Amino acid sequence: EAQVTQNPRYLITVTGKKLTVTCSQNMNHEYMSWYRQDPGLGLRQIYYSMNVEVTDKGDVPEGYKVSRKEKRNFPLILESPSPNQTSLYFCASSRLGEKLFFGSGTQLSVL
Amino acid sequence: SQQGEEDPQALSIQEGENATMNCSYKTSINNLQWYRQNSGRGLVHLILIRSNEREKHSGRLRVTLDTSKKSSSLLITASRAADTASYFCATDQWGNEKLTFGTGTRLTIIP
């Protein structure tokens with residue numbers, strides 16, 4: 001089944017404790033992206049990647065890192081999480097210029 | 001920065017009525033897409049319309065695009081309770097695969 005798999009679904013952590021949210025797709029998509037969703041602000045793009053080893057900043061990249069060492073994986077890294085990074089996070093992938101497939105989301109709470 | 005803005009922010013209609021929501025954007029686009037999100041879940045792609053297209057249909061969905069006004073509309077005919085969701089438009093520009101989402105319209109269908 002074609003899908004984007006995100007883990008974990010829920011995560012509670014404390015300020016400053018490094019964490020990684022994993023994202024994997026099985027559709028051989030070139031394009032992958034991370035979004036955060038906050039009430040009243042819609043989806044805002046954090047980082048995106050056009051292909052392996054090619055990543056670029058979105059609209060809100062501060063405090064986040066990504067890597068694209070393999071085509072199928074695009075982890076999101078928070079080196080030192082802060083409470084303002086409490087949010088609902090989505091990973092998505094697509095062929096270039098085509099529709100996005102979204103993961104189920106990760107609800108992150110930073111205390 | 002938000003490229004697309006949906007209007008209205010919220011809409012409630014009776015089951016069986018038609019629902020129309022609009023999306024305005026700021027800069028010239030390559031593609032415009034509409035997505036649906038059920039509460040807290042990942043977004044699901046509905047329709048993609050390219051900048052050289054004016055109208056597209058998919059089942060009960062009809063999307064129009066007016067590039068001179070930088071706007072698009074999504075019409076859902078004969079609404080059903082299952083159509084209750086948030087609807088987002090998303091745009092990308094020529095030569096840039098970055099997909100930018102609007103803030104969404106929250107649609108409630110009253111049985």
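For the structure itself, look to the data block above.
Cut-offs used in this document
- Residues numbered from 1 in each chain as written.
- Chains lettered and ligands numbered in written order.
- Predicted model: local features only at pLDDT ≥ 70, side-chain atom pairs only at ≥ 80, totals over all residues.
- Heavy atoms only, no water.
- Buried < 20%, exposed > 50% of the residue type's maximum accessible area, 1.4 Å probe, protein only.
- Helix = DSSP H or I, 4+ residues; strand = E, 2+ residues; numbered from the N terminus.
- Pairing = 2+ DSSP bridges.
- Patch = residues over 30% accessible without salt bridge, like charges linked within 9 Å, V, L, I, M, F, W, Y side chains within 5 Å.
- Areas by Shrake-Rupley, 256 points an atom, 1.4 Å probe, with all protein chains shown as cover.
- Salt bridge = Lys/Arg side-chain N within 4 Å of Asp/Glu carboxyl O.

**Some points on the pairing of strand β11 (residues 106-110) of chain A**
Residues and elements named next belong to chain A. Side chains Thr106, Leu108 and Val110 of β11 all project onto a buried face; the interleaved residues Gln107 and Ser109 project onto a face where none is buried. By the bridge criterion, four bridges tie strand β2 (residues 10-13) to β11 in an arrangement that is parallel. What sits directly across from Leu11, in β11, is Leu108. Two elements, strand β9 (residues 87-94) and β11, share three bridges in a ladder whose sense is antiparallel.

**Topic: a nonpolar patch on the surface**
All names here are of chain A. Residues Ile12, Val14 and Leu111 make up a contiguous nonpolar surface patch of about 330 Å² in total accessible area. On the secondary structure map, Val14 appears in the loop between β2 and β3 (19-25). The exposure class assigned to Val14 is partly exposed, which follows from its relative accessible area of 45%.

**Thoughts on unusual backbone geometry**
Here the residue pair A:Asn7 and A:Pro8 is connected by a cis peptide bond, since its omega of 0 degrees sits within 30 degrees of zero. Tracing the backbone through its elements, the reader meets A:Pro8 in the loop between β1 (4-7) and β2. With an omega dihedral of 0 degrees, the bond running from B:Asp7 to B:Pro8 counts as a cis peptide bond. In this structure, B:Pro8 sits in the loop between β1 (4-7) and β2 (10-14). One non-glycine residue, A:Glu53, lies in positive phi territory at about 65 degrees.

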